[in-house]
Amino acid sequence: MRNSCLTLLICLLWLLKPAVSQAQFTTLSPNAKISLITVAPGQELYSGFGHSVLWVFDPSMGIDRAFNYGTFSFQEGNFYVKFLRGTLPYSVSVSPLSYQIAHYQEENRSISEQVLNLSVPQKQRLYNFLENNYLPENREYQYKFFYDNCATRMTVALKSAVGDSLIYNGYTKEKLSFRQWIDRYAFKQNPWADFGMDLAIGAPSDEIATPEQATFLPDNLAAAFADAKVKTATGTAPLVSETREIFKAAPAPPVSPVTPTVVFWSLAILTLAFTYWQIRTDRVNFLFDKILFGIAGLAGWILLLLWFGTNHGVTSWNYDVLWAFPLWMPLIFALSKNRKPAWFQFLLIFYAFLLLCATGNVMKHNYVVIPILATLIIRVYYINNSLSKVPQKEIAYGSGVADTKNH
């Protein structure tokens, strides 16, 4: 009898298994709609490029779920270390769209909706894909700013649902490099953040983004969706059946006039005037150079850390280390008006060559680098002009003490 009951229980579980598997995601009604929600850039650096969300709304089934692929937690262990190294895990979060709208309205960010023109089976497949991504074992992913973010994940989800029925070419209106796309957005929000990002990213960001890669920006993704089509039984139809504005932001406050361009061109002009005064009055003083080249060297070490110590994928091969020469920190402090190491002249010649090479990268770069290079070149000229007036430090090996002589 016991064996018969056990056999019956196993059979019942086996019969129920497919039903449980099918019931894990709700079946959408014909009234369901799925929309791409695009949020305009915000004032903060983390929000300066906009945001994309896929919203599933089915009032018949009581479903109101906005899938957000841009979520991370400040409670993550070693948060700042992981954030800087590019290893901070991002995850999918889900909430009613009204909650998210309230948040973005508070940040004064425009919000628009594009209703997707999908068949009932396509909606179901897309919904199942999103819910499957939201399962605890699937929701985390390795965020890559250019290649795998909240916007690019929307295309992956759409393709999984529509398959070969989708006619999608990406963003085809312009061809720009990743760096140029960043400049276009970041400068509007925060010129200083744009300058910092431009210094941090390397040669991979100078590659021209393909039409699909360009949709790493939510605005470009929205434009690509608007141009896309789906195959139907009678031909083709636009992917987007309806577009509406959910919220229009108030005009943003004007950007501060104290931009990197103003600051560094002012520094270059003042450096030229100060250097001219030093040469005309025959003054030898390297305090300004210790500050200037010490900062450049420190910047170089940071760039090397980003290059070799992080997993961002776009901070490698950063040619700004040519002018932000890391060894200036601490080598510049070996020079003073009372002594110069015998090797310093060779260091200066080598650095002058690096500066010459750095000018070849200017056209791909933030033009703020031009006054920075000008400032460094002016001071290299001054140091070289003053070296002949500085006693050379020599080592008296017999006595083990330093002996300073004029040459």
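Scroll up a little and you will see the structure.
Starting from 1, residues in each chain are numbered consecutively following that chain's sequence as written. Where local features are concerned, this predicted model is filtered to residues with pLDDT of at least 70; where side-chain atom pairs are given and counted, the filter is 80 or more; whole-chain, interface and lining totals use all residues. Side-chain descriptors were evaluated using all non-hydrogen atoms of the structure, hydrogens and water having been removed beforehand.

Visitor: Where do I start with the sheet that holds strand β8 (residues 229-232) in this structure?
Guide: Within a sheet, each strand pairs with its neighbour through backbone hydrogen bonds, oriented either parallel or antiparallel. One bridge is not enough; two strands pair if DSSP finds at least two bridges between them. Counting from the N terminus, the helices are the DSSP runs of H or I reaching at least four residues and the strands are the DSSP runs of E reaching at least two. Taken in spatial order, the 3 strands of this open sheet run β7-β8-β9, and their pairing is antiparallel. Across the chains shown, the open sheet's two edge strands, defined by having one partner strand only, are β7 (166-167) and β9 (235-238). The pairing of β8 with β9 spans 4 bridges and is antiparallel. Directly across from Lys229, in β9, lies its bridge partner Pro238.

Visitor: Explanation requested: the packing of aromatic side chains in the structure shown.
Guide: The description of an aromatic ring pair uses the distance of the two centres, along with the angle that the planes make with each other. Each aromatic pair joins two rings of Phe, Tyr and Trp (for Trp, the six-membered one) with centres within 6.5 Å, and gets the label stacked for planes under 30 degrees apart, edge-to-face for over 60, and tilted for any other angle. For the coordinates displayed, the defined rule picks out 30 aromatic pairs. Both rings, one in Phe145 and one in Phe146, keep their centres 5.3 Å apart while their planes meet at 45°; by these two values the pair is tilted. Any residue under 20% of the maximum accessible area for its type is buried, any over 50% is exposed, and the rest in between are partly exposed; the area is computed with a 1.4 Å probe on protein chains only. For Phe145, a relative accessible area of 24% corresponds to the partly exposed category. Phe146 sits in the buried class, given a relative accessible area of 2%. These aromatic residues form a ring-pair network of at least three members: Phe49, Phe145, Phe146, Tyr147, Phe178, Tyr185 and Phe216.

Visitor: Can you walk me through the packing of helix α12 (residues 344-358) against helix α13 (residues 369-386) in this structure?
Guide: Describing two packed helices takes the angle between their axes plus the distance from one axis to the other. Whenever a helix is involved, its axis is fitted only over the stretch in contact; in every case the axis is a line through C-alpha atoms, and angles between N-to-C directions fall within 0 to 180 degrees. Put simply, α12 and α13 touch, their axes get as near as 11 Å, and they point 155° apart. Considering their axes alone, α12 and α13 lie roughly antiparallel with respect to each other. The chirality of how α12 crosses α13 is left-handed. Of the residues in α13, those touching α12 at Phe344, Gln345, Leu348, Tyr351, Leu355 and Ala358 are Leu373, Leu376, Ile377, Val380, Ile383 and Asn384. In this count, Pro and Cys sit with the nonpolar residues alongside Ala, Val, Leu, Ile, Met, Phe, Trp and Tyr, while Asp, Glu, Lys and Arg are called charged and the others, Gly among them, polar. Among the residues making up the contact of α12 with α13, the classes are represented as 10 nonpolar, 2 polar and no charged. Oblique is the label for every angle not falling under 35 degrees (roughly parallel), over 145 degrees (roughly antiparallel), or within 65 to 115 degrees (roughly perpendicular). Crossing handedness: left-handed means the near helix sits turned counterclockwise from the far one by under a right angle, and right-handed means the same turn made clockwise. Any two residues whose heavy atoms approach within 4.5 Å at even a single point are treated as in contact.

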